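# Summary of the model geometry
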Amino acid sequence: MLVVERHVGEAIQIGPDIRVMILRGGSNNVRLGIAAPRAVQIDRISKAGKYETRPKELDDNGDRNGNR
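Residues numbered from 1 in each chain as written. Predicted model: local features only at pLDDT ≥ 70, side-chain atom pairs only at ≥ 80, totals over all residues. Heavy atoms only, no water.

### What about the pattern of salt bridges?
On inspection of all chains with the given rule, the structure shows one salt bridge. Where E10 meets R6, a salt bridge forms, and the shortest distance between an N and an O atom there is 3.7 Å. The exposure class assigned to R6 is partly exposed, which follows from its relative accessible area of 40%. (Salt bridge = Lys/Arg side-chain N within 4 Å of Asp/Glu carboxyl O. Buried < 20%, exposed > 50% of the residue type's maximum accessible area, 1.4 Å probe, protein only.)

Written out as structure tokens, the structure is:
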């Protein structure tokens, strides 16, 4: 596991097609933006280890827009 520290507005590039950007951070949580090809499946995993379905896309302001 790679552990890195990033600040709001910074990103991590995974391969040529996946970028993870830090949109907002708080004391106990962080909001991430993930840009990836549609063919890449993205799932959330809860603290209990349960997979959750992908929510609708959010734009850079965190608003739901349904676009990718």
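### A look at the sheet that holds strand β1 (residues 11-14)
Taken in spatial order, the three strands of this open sheet run β1-β2-β3, and their pairing is antiparallel. At either margin of the open sheet sits one strand with a lone partner, and together these are β1 and β3 (30-35). For this sheet the average axis-to-axis angle between neighbouring strands, irrespective of direction, equals 20°. Two strands pair when backbone bridges link them, and strand β2 (residues 18-25) and β3 are joined in this way by six bridges, in the antiparallel orientation. For M21, the partnering residue across the bridge sits in β3 and is G33. (Pairing = 2+ DSSP bridges. Helix = DSSP H or I, 4+ residues; strand = E, 2+ residues; numbered from the N terminus. Axes fitted to C-alpha atoms, helices over the stretch in contact; angles between N-to-C directions.)

### Some thoughts on a nonpolar patch on the surface
Together, V30, L32 and I34 make up an exposed nonpolar region whose accessible area comes to about 250 Å². Topologically, V30 is positioned in strand β3. V30 sits in the partly exposed class, given a relative accessible area of 48%. (Patch = residues over 30% accessible without salt bridge, like charges linked within 9 Å, V, L, I, M, F, W, Y side chains within 5 Å. Areas by Shrake-Rupley, 256 points an atom, 1.4 Å probe, with all protein chains shown as cover.)

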